[in-house]
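# Structural overview
The lines below spell out each chain.
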Amino acid sequence: MSEKGYRGIIQKYKKLLPVTDKTPVITLNEGNTPLIYAGYLSKLAGKNIEVYLKYEGLNPTGSFKDRGMTLAISKACEEKSTAVMCASTGNTSASSAAYAARAGIKCIVLIPSGAIALGKLSQALIHGAKVLAIKGNFDAALDLAKEITRRYPIKLVNSLNPYRIEGQKTASFEICDYLGEAPDFQVMPVGNAGNITAYWKGYKEYKALGLSGKLPVMLGFQAKGAAPIVRNKPVKDPQTLATAIRIGNPASWKTAIEARDESKGLIDLVSDAEILQAYKILAVKEGVFAEPASAASIAGLLKLIKKGYFKNKKCRIACILTGHGLKDPERAIKSVKPPKLIRANFKSIIKEIGY
Ligand code: F0G
């Protein structure tokens, strides 16, 4: 096989990851996602402000989970595991199913019944995972996955698995590599809180190595009906249309708070209406299609702009778009008018388009 070209985050950042030459690398060439300059949002934010979109929806299975999953599955193979398990609001299940398929090991996923987006469900199923829909929410599914993997020789590949965090931290390396140093602010959605933990770890490591002169201020956003960290207590029955972050008791709660406090940032909430508005702005004004949970980043950015948080600042802001819009086609269709049905002739079309 050719040694040339990009072959995923383990190959690219192996010196900064817990791997050796003996680690089998299970990769789909994840990572290396674009950091897209957002012209409309930059203008909205202010004169000296640059807003960038880290489009993680362009990973192989359409979400940031692939960064952590390549490492978690590679290490599971190194440790001779033959089965992995996760609880998921959808993206983790899609990613674990794909990487387990590639590794030739068994994958079992627990999903909250009726509460994951169609694209994600189709991925987990087509990759051949054993998909079990439980009559309960994500938090209940995660508790069960933890107990089962404690008692049976099955590897847990939720972000409680430290290799998931290690892999995901490479996204902050990429942002620093692209900008030449860390951004001044990072805006991101917070669900189970693994990703904010991973980014913060990555930024700190890059700074310690002298590869970034500074650290960003971390700005996390939860959905209003699923905002345990903001409210400082678990939410029993979390609700939001951003199903990916419909989580009431985040596993990485403590480290998310550390990221917030060490960076002098904040974790706030945005309503479903604000998420939907941001989702559409992103698609219509920037040409970027991200799933609703990802749009929580932009909803948060808009909220902070409105509050004057960035006023008179000269800064660069990185917004993390965690998953592709095609993950949840039903939400997109519900958010717009259906196409107009017209006769198949020249005149009807010209009339409709107003020429
Ligand atoms: N955005 C998307 C698209 C997600 O799928 C998730 C989490 C998050 C944001 C939040 O990231 O949990 O690290 O704070 N999805 C998990 C899953 C829970 O099962 O796919 P987090």
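Given the structure is predicted, the values throughout are model-derived calculations rather than measurements. (Residues numbered from 1 in each chain as written. Predicted model: local features only at pLDDT ≥ 70, side-chain atom pairs only at ≥ 80, totals over all residues. Heavy atoms only, no water.)

## Some details on empty space enclosed by the protein
Tallied over the entire structure, the rule returns one cavity of 30 Å³ or more. Each pocket or cavity is described by its volume, and for the largest cavity that value is around 320 Å³. Within the residue set of the lining of the largest cavity, elements represented by two or more residues are α4 (91-103), α7 (162-168) and α9 (194-208). The element that contributes the greatest number of residues to the lining of the largest cavity is α9, accounting for three residues. Grouping the constituent residues of the lining of the largest cavity by class yields eleven nonpolar, 13 polar and three charged. Shared between two domains, the lining of the largest cavity holds at least three residues of each, these being domain 1 (9-63 + 164-332) and domain 2 (65-161). (1 Å grid on protein atoms, 1.4 Å probe; cavity = no way out; pocket = protein on both sides within 12 Å on 5 of 7 lines; lining within 4 Å. Points joined across faces, edges and corners; volume = space filled by probe spheres on them. Helix = DSSP H or I, 4+ residues; strand = E, 2+ residues; numbered from the N terminus. Nonpolar A, V, L, I, M, F, W, Y, C, P; charged D, E, K, R; others polar. Domains from an automatic or database assignment.)

## Overview of the site of the ligand
Taken together, 21 residues surround the ligand, and among them Ser88, Asn192, Ala193, Asn195 and Thr322 come closest. The contact in question runs from a nitrogen atom of the ligand to an N or O atom on the side chain of Thr322, over 2.6 Å. Notes on the ligand: free accessible area 470 Å², of which the protein chains cover 98%. Of all the cavities here, the one that holds the ligand is the largest cavity. Within the residue set of the shell around the ligand, elements represented by two or more residues are α4 and α9. For the shell around the ligand, the domains that each give at least three residues are domain 1 (9-63 + 164-332) and domain 2 (65-161). (Near = heavy atom within 4 Å. Polar contact = N/O pair within 3.5 Å; in protein donor to acceptor, adjacent residues only side chain to side chain. Areas by Shrake-Rupley, 256 points an atom, 1.4 Å probe, with all protein chains shown as cover. Sits in = over half its atoms within 2 Å of the grid points.)

## Regarding the pattern of salt bridges
Applying the stated rule across the entire model yields 19 salt bridges. Note that Lys201 and Glu205 form a salt bridge whose closest N and O atoms lie 2.7 Å from each other. Taken together, the positions of Lys201 and Glu205, both in helix α9 and four residues apart, correspond to about one turn of that helix. Here the salt bridges share partners, and the residues they tie into one network are Lys54, Glu56, Arg67 and Glu174. (Salt bridge = Lys/Arg side-chain N within 4 Å of Asp/Glu carboxyl O.)

## So, the sheet that holds strand β4 (residues 106-112)
Within the open sheet, the four strands sit side by side as β5-β4-β3-β6. Their pairing is parallel. Each end of this open sheet is capped by a strand with a single partner; those strands are β5 (130-134) and β6 (155-156). The pairing of strand β3 (residues 83-87) with β4 spans five bridges and is classified as parallel. Paired with Ala87 across the bridge in β4 is Leu110. (Pairing = 2+ DSSP bridges.)

## Focus: helix α5 (residues 118-126)
Among the residues making up α5, those that are buried are Gly119, Lys120, Gln123 and Ala124. Axial view of α5: buried residues confined to an arc of 130°, hence all on one face. In this structure, the buried residues of α5 make contact with α4, β5 and α14 (329-334). (Buried < 20%, exposed > 50% of the residue type's maximum accessible area, 1.4 Å probe, protein only. Arc of directions from axis to C-beta. Contact = heavy atoms within 4.5 Å.)

## Section: the domain arrangement of the protein chain
As far as domains go, the protein chain holds domain 1 (9-63 + 164-332) and domain 2 (65-161). Between domain 1 and domain 2, the contact holds 49 residues from the first and 37 residues from the second. Both sides of the domain 1 and domain 2 interface together cover about 3300 Å² of buried area, and 53% of this is carbon and sulfur. Across the contact surface, domain 1 and domain 2 share three salt bridges. Residues Lys120 and Glu291 are paired through a salt bridge, measuring 2.7 Å at the closest nitrogen-oxygen approach. Here domain 1 and domain 2 share 26 residue pairs in polar contact (both at pLDDT 80 or more) between them. Among the elements of the structure, α1 (8-12), α7, α8 (170-179) and α14 are those that each provide at least two residues to the side of domain 1 that touches domain 2. Top element by residues in the side of domain 1 that touches domain 2 is α7. It accounts for five residues. When grouped by side-chain class, the residues that make up the side of domain 1 that touches domain 2 number 18 nonpolar, 18 polar and 13 charged. (Buried area = accessible area lost by both parts, 1.4 Å probe.)

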